[in-house]
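# Topology and contacts: notes
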Amino acid sequence: MEAYSATPLFTVDQEIANFLVSCGLLSKAWEETHLANKSESYTLNEYEGVAYVTFPSFHNIEGFVVKESEYGEGNLQTDNKVFSAALKSNDEQPALVHQGALKLFLHIMENTDFQAKMQIYIDSKQRKLKPIIFVGHSLGGAVATLATLWVLEKRLRQSSPLCITFGCPLVGDAGLVEVVGRENWAGNFCNVVSKHDIVPRMLLAPFESIAEPLIAILPYWQDIMANDSKTVLHSSIQDACRTLLNNVLQYTHTVTNYGPDSIRELDGAIKISPYRPFGTYMFCSGEGAACIDNPDTVLKILHLTMQSYEKPCDNIVQDCFSEHVEYGSVLNHVIEMSISGRRTAKPDSESSDKMGMSLQLEAIGVGAQNDDAPIALQMARDIENNHNTNVAKVASELSEKQCIMAELEWSKERSEKENAITYYDSFRKHEDIDTNLRRERLAGFWDEIIEMWKRHELPSDFQSQNKWINAGTAYRRFVEPLDIAHYYSTSEGKGNYLSDGRPTRHKVLQKWMEEKEKTRSSRGQSGRTKLASLTQDSCFWAQVEEALKEMKNLEQGQHQKLGSLEMFEGYATKMINDRNISSDVFLEGSSFMEWWKEWKEYKKSRFPVWRSPLHEIMETEGCKG
């Protein structure tokens with residue numbers, strides 16, 4: 001990842017927006033939404049080699065307003081397991097999504113040919129893959145978002161799908177934002193938002209404040225989209241729009257200024273909307289368009305662009321109604337602006353960055369006199385720069401720590417060749433100062449990385465990057481046995497490393513690897529044919545230590561321990577059969593071989609003709625792989 005780019009970030013964001021509208025992709029996607037509104041579920045059309053899967057706007061109150069909770073949020077995982085339990089936040093909490101959109105998507109999955117049609121496009125075994133774009137307007141955009149997440153999680157495609165939404169309400173909570181960031185999926189979502197369109201902000205307000213005006217407004221939107229009629233705002237609808245606008249503005253201000261947890265008012269704690277944006281947001285206005293992808297900044301801009309110092313309130317009320325169904329006109333205007341190249345920002349800015357920021361604020365329709373908008377944009381830039389700086393710093397330190405790893409590897413080879421003892425048992429019996437110092441230095445390095453990650457000081461997809469997955473896994477498999485040896489040599493056998501002593505860094509690094517393995521497993525991996533160079537389960541020696549303790553308990557008459565020892569035998573058998581164990585485990589003086597001799601002696605003393613799969617492996621030297 002580059003530490004810094006000389007090109008002003010804010011100028012690039014405008015260029016991306018101009019490219020998106022000028023290439024015709026967004027206009028074609030909007031055209032597909034009109035066709036989809038003649039359907040009750042979805043449409044699938046191919047155009048110039050691209051498959052457009054488009055969902056109707058779903059302008060009905062039942063879809064928007066869900067009575068089960070204050071904001072309509074609920075678990076993404078359901079009993080039918082369309083989405084896996086792996087889609088959780090970084091702290092293992094289930095991701096939450098808007099239940100109205102989820103129910104619509106599940107209904108389409110279960111009652112149409114959607115899954116069968118998609119299988120043709122997402123399974124490379126079926127045919128040559130074509131690019132696929134999921135499209136949706138309004139609540140249909142939320143359904144398109146869920147459809148895209150479904151395909152992304154299946155991981156069957158060599159190329160990822162794209163999701164384009166227009167005037168889409170927020171779909172998921174901060175946990176889903178973490179999932180999308182962790183999996184590096186943010187680039188798969190493009191959300192087009194007109195300056196005053198009320199719907200993308202609407203779910204920041206509780207349902208009780210938006211339900212009544214929505215009941216009046218939704219039939220008019222539905223008629224306009226179905227019949228391509230003009231937006232005529234009757235007085236009753238104007239009153240409903242005004243109520244909706246005022247209520248939504250009140251809550252967007254609360255969310256963007258007080259954070260996601262809760263605030264205190266005189267009558268007690270008030271729950272804040274859980275919904276947060278993810279993906280790229282293309283904000284459009286009468287002055288052009290610009291893209292923003294930082295979730296916190298998007299949330300702030302969603303609020304600020306609803307405010308206006310240039311228009312009377314009645315005009316904004318009109319716009320919050322009409323702009324939701326006029327994205328075709330919005331896109332055409334942005335294309336005209338990009339062609340004319342009109343720029344009004346003053347060239348006397350102090351830097352190119354500030355010049356670019358002024359142009360971006362102008363393009364998204366935020367007045368220059370609004371102090372909050374440039375602060376929000378600058379914060380996004382600062383966060384990105386800090387992330388890049390931190391990654392460069394830890395990458396430099398990683399090179400240094402890999403030298404320490406190499407020194408430990410040399411010690412391991414010497415221990416096995418010269419002393420015929422595993423480096424685990426060698427360190428267990430005698431902790432030499434140099435090895436212990438290296439172990440502690442590596443622990444400090446990875447502890448700091450985990451803390452930086454927890455403090456959000458690293459990019460959201462840091463834990464899924466191959467470089468850090470591979471480095472963390474190599475460290476864990478090589479050094480955790482030393483941590484286990486240190487634990488059992490100092491605890492005098494009183495504790496269990498697995499439940500009482502395992503450091504957080506190893507748990508987190510293992511979780512990162514397991515999450516990554518889910519993406520790799522879908523591509524198909526053949527089994528090992530030789531023993532691993534390092535035992536793949538970094539906790540193997542802790543399992544051995546506990547088995548040795550159980551043998552002592554068994555010899556003292558605690559026969560209830562027999563079951564756990566048989567479980568360990570099965571575990572060891574599988575490790576060997578899968579070739580996930582290293583050859584040093586079978587050195588004559590290893591702790592594992594000590595356990596095996598005691599276990600075999602115990603079994604033979606009670607069952608002279610005892611045989612087991614592990615016995616066959618050990619007696620036939622199948623363990624030598």
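The following refers to the structure shown.

## Some points on the overall build of the protein chain
Of the regular secondary structure elements, the protein chain holds 24 helices and 13 strands. In the protein chain, buried positions account for 54% of the 625 residues. Of all intrachain contacts in the protein chain linking residues separated by at least 6 positions in sequence, the fraction that spans at least 24 positions is 76%. Approximately 28600 Å² of the protein chain is accessible, and the part contributed by carbon and sulfur atoms is 49%.

## A word on helix 11 (residues 295–304)
Of all 10 residues making up helix 11, eight are buried, and the element is well covered by its neighbours. Regarding helix 11, the residues found buried are Thr297, Val298, Leu299, Lys300, Ile301, Leu302, His303 and Leu304. Capping the start of helix 11 is the job of one residue whose side-chain oxygen sits 3.2 Å from the backbone nitrogen of Asp296: Asn294.

## Considerations on the side chain of Ser41
Secondary-structure assignment places Ser41 in the loop between helix 2 (25–36) and strand 1 (43–47). Sequence-distant contacts of Ser41, that is, excluding residues within four places in its chain, are made with Phe55, Pro56, Phe58, Ile108 and Thr112.

## Re the sheet that holds strand 12 (residues 280–285)
Spatially, seven strands are ordered 1-2-5-6-8-12-13 in an open sheet, and the strand pairing comes out mixed. Taken across any chain shown, the strands that pair with only one partner, and hence form the sheet edges, are strand 1 and strand 13 (288–292). Adjacent strand axes in the sheet meet at a mean angle of 20° when their direction is disregarded. Note that strand 1 and strand 2 (residues 50–55) share five bridges and pair antiparallel. Paired with Asn45 across the bridge in strand 2 is Tyr52. Contacts from helix 6 (residues 139–154) reach strand 2, strand 5 (132–137), strand 6 (162–166) and strand 8 (189–194) within the one sheet, and its direction differs from that of strand 5 by about 155°.

## Let's talk about the packing of aromatic side chains
Considering all chains together, one arrives at 33 aromatic pairs under this definition. Considering the side-chain rings of Trp30 and Phe166, the 5.2 Å spacing of their centres and the 70° angle between planes classify their relative orientation as edge-to-face. Of this pair, Trp30 sits in helix 2 while Phe166 sits in strand 6, and the two are 136 residues apart along the sequence. Side by side, Trp30 and Phe166 carry an identical accessibility label, which is buried. For the ring pair Tyr424 and Trp541, a centre distance of 4.6 Å and an interplane angle of 10° mean the geometry is stacked.

## Things to note about the pattern of salt bridges
Under the defined criterion, the tally for this structure stands at 24 salt bridges. We note a salt bridge from Glu400 to Lys401, for which the minimum N-O separation is 3.6 Å. Here Lys401 falls in the buried class, since its relative accessible area comes to 11%. Look at the salt bridges and you will find they share partners, linking Arg439, Asp447, Asp483 and Arg505 into a network.

## Focus: the side chain of Gln536
Secondary-structure assignment places Gln536 in the loop between helix 20 (504–521) and helix 21 (540–555). For Gln536, the side chain forms a polar contact with the side chain of Arg477, separated by 2.8 Å. Sequence-distant contacts of Gln536, that is, excluding residues within four places in its chain, are made with Arg477, Arg528 and Asn580.

## Quick look at the nonpolar core
By size, the foremost hydrophobic cluster in this structure holds 119 residues, and its most contacted members are Phe55, Phe114 and Met282. Dropping the residues within four chain positions of it, Phe114 is found in contact with Tyr42, Val53, Phe55, Phe105, Ile108, Met109, Phe134, Ala147 and Trp150. Ranked by size, the runner-up nonpolar core spans 64 residues in total, among them Tyr488, Leu509, Trp512 and Trp541.

## Observations concerning the packing of helix 2 against helix 13 (residues 327–340)
Two elements in contact, helix 2 and helix 13, have axes separated by 10 Å at closest approach and are oriented at 170°. As summarised for this structure, helix 2 and helix 13 are arranged roughly antiparallel, according to the angle between their axes. Within the contact between the two elements, helix 2 uses Leu26, Ser27 and Trp30 and helix 13 uses Tyr327, Gly328, Leu331 and Ile335. Per-class residue counts for the contact of helix 2 with helix 13 are five nonpolar, two polar and no charged.

## Section: the pairing of strand 12
Counting buried positions along strand 12 yields six of six residues, so the element is predominantly enclosed. On strand 12, burial covers both faces: Thr280, Met282 and Cys284 on one face and Tyr281, Phe283 and Ser285 on the other are all buried. Bridge count for strand 8 against strand 12 is five bridges, and the pairing is parallel. Following the sheet pairing, Cys190 is matched in strand 12 by Thr280. Summarising the sheet, strand 12 and strand 13 pair through five bridges and their orientation is antiparallel. Of the residues in strand 13, the one forming a bridge with Met282 is Cys291. Adjacent in sequence and paired antiparallel, strand 12 and strand 13 are bridged by two residues.

Criteria and cut-off values
- Residues numbered from 1 in each chain as written.
- Predicted model: local features only at pLDDT ≥ 70, side-chain atom pairs only at ≥ 80, totals over all residues.
- Heavy atoms only, no water.
- Helix = DSSP H or I, 4+ residues; strand = E, 2+ residues; numbered from the N terminus.
- Buried < 20%, exposed > 50% of the residue type's maximum accessible area, 1.4 Å probe, protein only.
- Contact = heavy atoms within 4.5 Å.
- Areas by Shrake-Rupley, 256 points an atom, 1.4 Å probe, with all protein chains shown as cover.
- Polar contact = N/O pair within 3.5 Å; in protein donor to acceptor, adjacent residues only side chain to side chain.
- Pairing = 2+ DSSP bridges.
- Axes fitted to C-alpha atoms, helices over the stretch in contact; angles between N-to-C directions.
- Phe/Tyr/Trp six-rings, centres within 6.5 Å; stacked < 30°, edge-to-face > 60°.
- Salt bridge = Lys/Arg side-chain N within 4 Å of Asp/Glu carboxyl O.
- Core = buried A, V, L, I, M, F, W, Y, C linked by side-chain atoms within 4.5 Å.
- Parallel < 35°, antiparallel > 145°, perpendicular 65-115°, else oblique.
- Nonpolar A, V, L, I, M, F, W, Y, C, P; charged D, E, K, R; others polar.

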